[in-house]
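Here's the letter readout for the chains.
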Amino acid sequence: MRYVRIDALKEGMINGKPIFGQNSELLLREGVVLREPYIRRLKEMGYQGIYIKDLFSDGITVNDIIDPALRIECVKTIKDAYLCVSKEKIIHSNIVQKLKTLLDKIIDSVTSNDELLMNIIDLKNYDDYTYSHSVNVTILSLSVGYVMGLSKNMLFCLGMAALLHDIGKVFIPRDIINKSSKLNEKELEIVRTHSFKGYQILKDNNSFSYYSSIGVLHHHEKYNG
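Anyway, here's the lowdown on the structure attached to this text. All figures in this text were calculated on a predicted structure; none of them were measured in a lab.

## Focus: the overall build of the protein chain
So, step 1. Broken down by element type, the protein chain carries 9 helices and 5 strands.
So, step 2. Taken against the 2.2 N^0.38 rule, which gives 17 Å for 225 residues, the C-alpha radius of gyration of the protein chain at 19 Å falls within 12% of a compact globule.
So, step 3. Along the first, second and third principal axes, the C-alpha set of the protein chain runs to 55 × 45 × 40 Å.
So, step 4. Residue burial in the protein chain is summarised as follows: out of 225 residues, 41% are buried.
So, step 5. Partitioning the contacts of the protein chain with sequence separation of at least 6, the portion at a separation of at least 24 is 68%.
So, step 6. Carbon and sulfur atoms form 53% of the exposed surface of the protein chain, whose accessible area is close to 12,800 Å².
So, step 7. Computed over 29 positive and 27 negative side-chain charges, the separation of the two mean positions in the protein chain equals 4 Å.

Given below as structure tokens:
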């Protein structure tokens, strides 16, 4: 199995992993032979590329550090959290509890993986980028924290900060978030406020730890402070 960028896909290639859509619906099953309409649709949806099976990669397996179903559920729940904050400026307790349950499962997956081989290439479409990126950041953060020997409690605080590190972006105008050209200085200053705005969301909710809120606040801080 190997990763092939979308522009290099050709008819007749064999899909190597299940591909899911924006709402977690199955788009292409593993083993499906690619046709031009499939490739064109994946391009339209903004996919960067997919895994394929062929003779060149025969015998190579790419193992996810967390179960794909768990990843999908995390993406959906993070989306729910963002939507809740954008509408009501809070994260409802039922969503918080679901995030905690999912985070526990991610931590279990990371800490039970002997080799911690990373496979977090983002195969989601652009609309889902922020949410799936947040899951990737969580996996990387927890992996580093685990190797550092952090306690389960601190891993949990770190993981929650990672899951919600960009939650403050819901307060940034979408025309700035989605701007394809370089941001001007005024727009940059607006974007830079998202760390503090996200910190306020977690700080004002007793369900989140102090350490998680601080992690959100400082997630763009450089080594020199």
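Continuing now.
## Observations concerning the pattern of salt bridges
So, step 1. On inspection of all chains with the given rule, the structure shows 9 salt bridges.
So, step 2. Two residues, Asp-166 and Lys-169, come together in a salt bridge whose shortest N-O distance is 3.4 Å.
So, step 3. Residue Lys-169 is classed as partly exposed on the basis of its relative accessible area of 26%.
So, step 4. Salt bridges sharing partners connect three or more residues here, namely Glu-185, Glu-189 and Arg-192.

## Comments concerning the packing of aromatic side chains
So, step 1. A complete count under the given rule lists 4 aromatic pairs for this structure.
So, step 2. A ring pair is formed by Phe-196 and Tyr-199, whose centres lie 5.8 Å apart and whose planes are at 40°; its orientation type is tilted. Taken together, the residues Phe-196 and Tyr-199, both in helix 8 (residues 194-203) and 3 residues apart, mark about one turn of the helix.
So, step 3. Lying across the ring of Tyr-51, Lys-17 places its NZ or CZ 5.1 Å from the centre.

## Regarding the pairing of strand 5 (residues 49-53)
So, step 1. Within strand 5, 4 of the 5 residues are buried, which leaves it mostly tucked inside the rest of the structure.
So, step 2. Here strand 1 (residues 2-5) pairs with strand 5 via 4 bridges, running antiparallel. Counted as the bridge partner of Tyr-3 is Tyr-51 from strand 5.
So, step 3. Pairing of strand 2 (residues 14-15) with strand 5 involves 2 bridges; the strand directions are antiparallel. Looking at strand 5, one finds that Asn-15 is bridged to Ile-52.

## Quick look at the state of the cysteines
So, step 1. For the structure shown, the criterion picks out 0 disulfides.
So, step 2. Free of any disulfide, Cys-74 has its nearest neighbouring cysteine sulfur in Cys-157, separated by 17 Å.
So, step 3. The buried category is assigned to Cys-157, whose relative accessible area is 6%.

## A look at the sheet that holds strand 5
The strands making up a sheet associate through hydrogen bonds between their backbones, and the pairing can be parallel or antiparallel.
So, step 1. Strand order in the open sheet made by the 3 strands is 1-5-2, with antiparallel pairing throughout. Only two strands of the sheet have a single partner each, and these edge strands are strand 1 and strand 2.

## Focus on the side chain of Ser-57
So, step 1. Relative to the helices and strands, Ser-57 resides in the loop between strand 5 and helix 2 (68-88).
So, step 2. Look at Ser-57 and you get buried, because its relative accessible area is 2%.
So, step 3. Leaving out residues up to four positions away in the same chain, Ser-57 has contacts with Met-1, Arg-2 and Ile-52.

## What about the environment of Val-191?
So, step 1. Mapping Val-191 onto the fold places it in helix 7 (residues 185-191).
So, step 2. Distance in space between the C-alpha atoms of Val-191 and Ile-177 is 7.8 Å, their sequence separation being 14 residues.

## Topic: a nonpolar patch on the surface
So, step 1. On the surface, a cluster of nonpolar side chains totalling about 280 Å² of accessible area is made up of Val-144, Met-148 and Leu-150.
So, step 2. Of note, Leu-150 is situated in the loop between helix 4 (129-148) and helix 5 (152-163).
So, step 3. We classify Leu-150 as partly exposed; its relative accessible area is 32%.

## Quick look at the packing of helix 5 against helix 9 (residues 210-217)
So, step 1. Two numbers describe how helix 5 lies on helix 9: the axes approach to 8 Å, and their chain directions differ by 40°. In terms of their interaxial angle, helix 5 and helix 9 are classed as oblique. In this structure, the crossing between helix 5 and helix 9 has a hand that is right-handed. When helix 5 is examined against helix 9, the residues Met-154, Cys-157, Met-160 and Ala-161 are found in contact with a partner set consisting of Tyr-211, Ser-212, Gly-215 and Val-216.
So, step 2. Tallied by class, the residues present in the contact of helix 5 with helix 9 amount to 6 nonpolar, 2 polar and no charged.

So, how was this worked out
- Residues numbered from 1 in each chain as written.
- Predicted model: local features only at pLDDT ≥ 70, side-chain atom pairs only at ≥ 80, totals over all residues.
- Heavy atoms only, no water.
- Helix = DSSP H or I, 4+ residues; strand = E, 2+ residues; numbered from the N terminus.
- Rg over C-alpha atoms; globule rule 2.2 N^0.38 Å.
- Buried < 20%, exposed > 50% of the residue type's maximum accessible area, 1.4 Å probe, protein only.
- Contact = heavy atoms within 4.5 Å.
- Areas by Shrake-Rupley, 256 points an atom, 1.4 Å probe, with all protein chains shown as cover.
- Lys, Arg positive; Asp, Glu negative; His and termini not counted.
- Charge placed at Lys NZ, Arg CZ, Asp CG, Glu CD.
- Salt bridge = Lys/Arg side-chain N within 4 Å of Asp/Glu carboxyl O.
- Phe/Tyr/Trp six-rings, centres within 6.5 Å; stacked < 30°, edge-to-face > 60°.
- Lys NZ or Arg CZ within 6 Å of the ring centre and 35° of its normal.
- Pairing = 2+ DSSP bridges.
- Disulfide = S-S within 2.5 Å.
- Patch = residues over 30% accessible without salt bridge, like charges linked within 9 Å, V, L, I, M, F, W, Y side chains within 5 Å.
- Axes fitted to C-alpha atoms, helices over the stretch in contact; angles between N-to-C directions.
- Parallel < 35°, antiparallel > 145°, perpendicular 65-115°, else oblique.
- Left-handed = near helix turned anticlockwise from the far one by under 90°.
- Nonpolar A, V, L, I, M, F, W, Y, C, P; charged D, E, K, R; others polar.

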